Structures are given as C-alpha cells and as structure tokens.
Amino acid sequence: MKLIRDCWLVFQQQMVLLLRNPIWVFIGVFQPLMYLVLFAPLLGPALRASSSAQTYRTFVPGLLVLLAILSGMFKGFSLIAELRAGVIERARVTPLSRFAMLLGRSLRDVVVMITQAVLITVPATALGLRVHLADLLLAYLLLGVLALTTTSLSYGIALRLRSEDALSPVMNTIAQPLLLLSGILLPLTLAPGWLQRLARWNPFFWAVRGSRALFAGNVADPAVWKGLIIVLALAALSIGYGAREFARSVR
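Here the structure is a predicted model, which means the values were calculated and not measured. (Residues numbered from 1 in each chain as written. Predicted model: local features only at pLDDT ≥ 70, side-chain atom pairs only at ≥ 80, totals over all residues. Heavy atoms only, no water.)

**With respect to the overall build of the chain**
Argument step 1. Tallying secondary structure elements over the chain gives 12 helices and 0 strands in all.
Argument step 2. If you list the helices and strands of the chain from N to C, you get α-α-α-α-α-α-α-α-α-α-α-α.
Argument step 3. Here the C-alpha atoms of the chain give a radius of gyration of 19 Å, agreeing with the 18 Å that 2.2 N^0.38 yields for 251 residues.
Argument step 4. With the principal axes as the frame, the chain shows a C-alpha extent of 60 × 40 × 35 Å.
Argument step 5. The long-range share in the chain, meaning contacts at least 24 apart out of those at least 6 apart in sequence, stands at 81%. (Helix = DSSP H or I, 4+ residues; strand = E, 2+ residues; numbered from the N terminus. Rg over C-alpha atoms; globule rule 2.2 N^0.38 Å. Contact = heavy atoms within 4.5 Å.)

Below is the structure:
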C-alpha cells in the first residue's frame, strides 16, 4: 500500500508540474502530425494500397510507436534538470520509495504519450483511418507499455550519466538502429531478405507488427501477443534498471 501511495503522490506532483505548462504536450505531436498530413499521402502508391484506410492502418501504428520510442527515450533530460536544481537531492530526506520516484514519473509520461496518441489518431480518422475501438484501446495498451519501457530506460541512463551532453549521443546511438529496423514508416516486407532477418532481432519490430495487426482488426494475429510479451519483458527489465539507479543515486 505504501508503494502505491508513494507512486500516486509522485504521479500527482509530476502531473501538476505538467499542467502548469501543457503546451509541451501539443508541441510533442507537431512533428508526427506533419508526417501524418504531408508524408502519409505519398505511401498509397508505394504500398499499392487499395484505399486510404489501408494506407493509414499501415502508417499510423508505426507513427505512434515512433512517438512512444522517441518521446520516452529523451525524458531523461528533464531528470538531469531536476538533478541540477537539487530536486533529487532534497528527495533523500523524504520517506518516498525510490521505486515510486521512478514509476510515478514514468506513469506521467505514459499518460502524456497516450494523450498525444489520441491527438494523432483523431485527425487520422478524418483522413481515412478506420479502426475498431476495442482494437484501438488494445493498441494503446501496447504503446503505453512501450512508453513505460523507454522512459524508465532513459531515466536510468540519465541518472548514470548526469549530463545532457553525454545523454544525447547515447540515446541517439541506441534509438537510430532500433527505429530503422522497426519498419516504422514503411513495412519491412518491402526490404531485402537479410534486412528482414536482422529486424526480427529488434524487439521494437514486434511492437510495430503487433500494433499494425491491431489497427487492421487482426487481434488473433501471433504478432499481437508476441509484441505484448516482448514489450512487457522489456518494461520489467527497464523498470528494474531505472529503479536500481534511483536507489543508488538517492540514498
């Protein structure tokens, strides 16, 4: 019960800080919206899609996974700012669980990511996207766990490096190959065989496949449960790593 209460307290405090300046939620969706409006229409001929709905069912899930990965992986910058301002240092004298300090922040980031996903999905439906609500909610669950994974990893690395100059190249080095091997903008079925085989070792590839299967209404597709299992396992590892770094840094 104490852990749940501590997580809720940290989550509330982080949400209050966010709501004081909510413009960042909308700034975070500006670039994905530009891809949705200005890039997605080019995909129809490339994918030989029979309709705009098919095009957007392929593109939008990948775009949302891109948002979950990139927005999560760079959350560590805000934690470094808190370290520099002495916020984390003052937390040492509180009875708050160190695990809750991580999880409360990460849950705030998950809420922000899901909000941004909705802000992208709504205009996509106006452009031609068609998806069942139950399938969409399950896809959001997958995206939420993915965001929890990337934010926990980012916070853990930020606590280890304690420098924006070091964090930026590290996160870019991790994110770039993962994104390129995920088939986010274009399905990797268009790629040569060696690239497809390499992509199968990328856990985010399965998240993209599972998300696309859900948007297509194929809940029974093996890619759905594979994606969920892989992302849940990654989330457990990332949360464990991040919690250990909080326990080490905030004693």
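There is more to say after this.
**A closer look at the packing of helix H7 (residues 98-127) against helix H12 (residues 222-249)**
Argument step 1. In the contact formed by H7 and H12, the axes pass within 8 Å of each other and the chain directions differ by 125°. Taken together, the axes of H7 and H12 are oblique relative to one another. Where H7 crosses over H12, the two elements pack in a sense that is right-handed. Between H7 and H12, the contacting residues are Arg98, Phe99, Met101, Leu102, Leu103 and Arg105 on the first element and Ile239, Gly242, Ala243, Phe246 and Ala247 on the second.
Argument step 2. Looking at the contact of H7 with H12, its residues break down into 8 nonpolar, 1 polar and 2 charged. (Axes fitted to C-alpha atoms, helices over the stretch in contact; angles between N-to-C directions. Parallel < 35°, antiparallel > 145°, perpendicular 65-115°, else oblique. Left-handed = near helix turned anticlockwise from the far one by under 90°. Nonpolar A, V, L, I, M, F, W, Y, C, P; charged D, E, K, R; others polar.)

**Observations regarding the side chain of threonine 121**
Argument step 1. Tracing the backbone through its elements, the reader meets threonine 121 in helix H7.
Argument step 2. Judged by its relative accessible area of 4%, threonine 121 falls in the buried class.
Argument step 3. Excluding anything up to four places from it in sequence, threonine 121 contacts Leu64, Leu129, Leu136 and Tyr140. (Buried < 20%, exposed > 50% of the residue type's maximum accessible area, 1.4 Å probe, protein only.)

**Focus: the packing of aromatic side chains**
Argument step 1. This model, assessed by the stated rule, comprises 5 aromatic pairs.
Argument step 2. Pairing tyrosine 35 with phenylalanine 39 gives two aromatic rings, centres 6.1 Å apart and planes at 70°, and the pair type is edge-to-face.
Argument step 3. Looking at tyrosine 35, the relative accessible area reads 30%, which means it is partly exposed.
Argument step 4. Between phenylalanine 205 and tryptophan 206, the aromatic rings sit 5.2 Å apart at their centres with planes inclined by 80°, giving edge-to-face as the arrangement. (Phe/Tyr/Trp six-rings, centres within 6.5 Å; stacked < 30°, edge-to-face > 60°.)

**Details of the environment of arginine 209**
Argument step 1. You can see arginine 209 is positioned in helix H11 (residues 203-215).
Argument step 2. Given the relative accessible area of 33%, arginine 209 is considered partly exposed.
Argument step 3. Sequence separation between arginine 209 and leucine 190 is 19 residues, and the spatial gap between their C-alpha atoms is 14 Å.

**Side note on the environment of valine 131**
Argument step 1. Within the secondary structure, valine 131 sits in the loop between H7 and helix H8 (133-161).
Argument step 2. Note: C-alpha distance between valine 131 and phenylalanine 215 (84 residues apart in sequence) is 5.6 Å.
Argument step 3. Among residues more than four places away in sequence, those in contact with valine 131 are Leu136, Leu214 and Phe215.

**Comments concerning the environment of isoleucine 239**
Argument step 1. Its location among the elements puts isoleucine 239 in helix H12.
Argument step 2. Separated by 88 residues in sequence, isoleucine 239 and threonine 151 have C-alpha atoms that sit 8.8 Å apart.

**Comments concerning the pattern of salt bridges**
Argument step 1. One pass over the structure, following the stated rule, counts 8 salt bridges.
Argument step 2. The salt bridge involving glutamate 164 is made with arginine 84; its shortest N-O contact spans 2.8 Å. Pair noted here: glutamate 164 is in helix H9 (residues 164-180) and arginine 84 is in helix H5 (residues 76-85), with a separation of 80 residues, a long-range link.
Argument step 3. Since its relative accessible area comes to 56%, arginine 84 is described here as exposed.
Argument step 4. Via salt bridges that share partners, Arg160, Arg244, Glu245 and Arg248 belong to a single interconnected network. (Salt bridge = Lys/Arg side-chain N within 4 Å of Asp/Glu carboxyl O.)

**What about the nonpolar core?**
Argument step 1. One finds Leu36, Val60, Leu64, Ile69 and Leu146 to be the most contacted residues of the largest nonpolar core, which totals 61 residues.
Argument step 2. Put simply, the parts of the chain that give this core at least two residues each are helix H2 (23-38), helix H4 (52-73), H5, H7, H8, H9, H11 and H12.
Argument step 3. Those residues in contact with isoleucine 69 that sit more than four places away from it in its chain are Leu146, Thr150, Leu179, Ile184 and Phe204.
Argument step 4. In this structure, Leu188, Ala191, Ala199 and Trp206 belong to the second largest nonpolar core, which totals 6 residues. (Core = buried A, V, L, I, M, F, W, Y, C linked by side-chain atoms within 4.5 Å.)

**A short note on H2**
Argument step 1. Taking 1.5 Å of rise per residue, the 16 residues of H2 would be expected to cover 22 Å, and the 23 Å separating its terminal C-alpha atoms lies within 8% of that figure.
Argument step 2. Remark: the principal bend of H2, roughly 35°, maps to phenylalanine 30, with a proline, proline 32, within the next four residues.
Argument step 3. On its buried face, H2 is in contact with helix H1 (2-19), H4 and H7. (Expected span 1.5 Å × (residues − 1). Bend = angle between axes of the 7 residues up to and from the residue.)

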